[in-house]
Amino acid sequence: DILKEAVTSTITAGGTVIIPAFSIERTQELLLAFNELVEAGSIPAVPVYLDSPLGINVTKVYKKYEHWFNENVDGIIRSGDDIFAFKGLIQTSSPDESRAINQNNDPKVIIAGSGMSNGWRIVHHETKYLPDEKNTILIVGYQAANTLGRRLVEKEKKVIIHGMEVPVRIK
């Protein structure tokens, strides 16, 4: 319900939802949740970018071992649903594909590593989207002390990313 509300309200306002996610387990849990929301028509139809080469590759491993999933997920898979593929999912492996996401100002969801915003692709998205109050960042994992993710959880008004001061107005 929290995910549904955050995505719906942000997309309706014309914003972007960014989700820093750990590539192993958290990303796959998010894909399953988005699969359910998209297929039920519970959220607006927008692109959902999985902008994490490691997350993409780990998801392939998960798919290879689907027989290890719990009963609930196994039932979904047996019904013919590919739980890691849904309408609007775009997987971006290359740096050029990742950069292209931010060239498009249309509403969207971006799931990117790293889970504590310590580096990788999420920080480039945060640099663009943190200053705008119509956007939302969903923190879906543990945030250790002295990480950018923790500073965002603590609602700091400004953060430093790649030596630049970035105002934080995002929800």
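Let me begin by describing the structure that accompanies this report. Not measured: the values here are computed from a predicted model.

The rules behind the values
Once a new chain begins, its residue numbering starts again from 1 and follows that chain's sequence as written. In keeping with the model being predicted, local features are shown solely for residues with a pLDDT of at least 70 and side-chain atom pairs are shown and tallied solely at 80 or more, while totals for entire chains, interfaces and linings include all residues. Excluded from the side-chain calculations are hydrogens and water; all other atoms, namely the structure's heavy atoms, are used. Put simply, DSSP marks the helices as runs of H or I at least four residues long and the strands as runs of E at least two long, and each gets a number from the N terminus on. In a helix, the anticipated span is given by 1.5 Å times the number of residues less one. Residue contacts follow a heavy-atom distance rule, with two residues in contact if any of their heavy atoms lie within 4.5 Å. Only the contacting stretch of a helix is used when fitting its axis, a line to C-alpha atoms as for every element, and angles between N-to-C directions run 0 to 180 degrees. Roughly parallel covers angles under 35 degrees, roughly antiparallel covers those over 145, roughly perpendicular covers 65 to 115, and oblique covers all other angles. Here the term charged refers only to Asp, Glu, Lys and Arg, the term nonpolar to Ala, Val, Leu, Ile, Met, Phe, Trp, Tyr, Cys and Pro, and the term polar to all other amino acids, Gly among them. DSSP calls a pair of strands paired once it identifies at least 2 bridges connecting them. We call a residue buried when its accessible area falls under 20% of the maximum for its residue type, exposed when it is over 50%, and partly exposed in between, using a 1.4 Å probe and counting protein chains only. Between Lys or Arg on one side and Asp or Glu on the other, a salt bridge is scored when a side-chain nitrogen of the former is within 4 Å of a carboxyl oxygen of the latter.

## Some thoughts on helix H3 (residues 53-64)
Working step 1: Compared with an ideal rise of 1.5 Å per residue, which puts twelve residues at 16 Å, H3 spans 17 Å between its outermost C-alpha atoms and is within 8% of the ideal.
Working step 2: Along its buried surface, H3 packs onto helix H2 (26-39), strand S2 (48-51) and strand S3 (89-91).

## A few points about the packing of H2 against H3
Working step 1: One way to put it is that H2 packs onto H3 with a least axis distance of 9 Å and a crossing angle of 75 degrees. As the angle between them shows, H2 and H3 are arranged roughly perpendicular. Along its contact with H2, which presents Thr27, Gln28 and Leu31, the element H3 presents Gly55, Val58, Thr59 and Tyr62.
Working step 2: When grouped by side-chain class, the residues that make up the contact of H2 with H3 number three nonpolar, four polar and no charged.

## Structural notes on the pairing of strand S7 (residues 164-167)
Working step 1: When strand S6 (residues 158-161) meets S7, the two strands line up antiparallel, connected through four bridges. Each residue of the ladder has a partner; that of Lys158, found in S7, is Pro167.
Working step 2: A loop of two residues connects S6 with S7, the two strands running antiparallel in sequence, and His162 in this loop sits at a positive phi of about 50 degrees.

## Details of the environment of Ile77
Working step 1: Among the structural elements, Ile77 can be located in helix H4 (residues 71-78).
Working step 2: Residue classification places Ile77 among the buried residues on the basis of a relative accessible area of 17%.
Working step 3: Each residue touching Ile77, except ones within four places of it in the same chain, is listed here: Glu66, Phe69 and Ile83.

## Comments concerning the pattern of salt bridges
Working step 1: Under the counting rule described, the total for this entry stands at seven salt bridges.
Working step 2: A salt bridge links Glu29 to Arg26; the shortest N-O distance between them is 3.7 Å. Remark: Arg26 and Glu29 occur in helix H2; sequence separation between them is three residues, near one turn of the helix.
Working step 3: Since its relative accessible area comes to 40%, Glu29 is described here as partly exposed.

In short, the description is geometric, and any link to function would need to be established separately.
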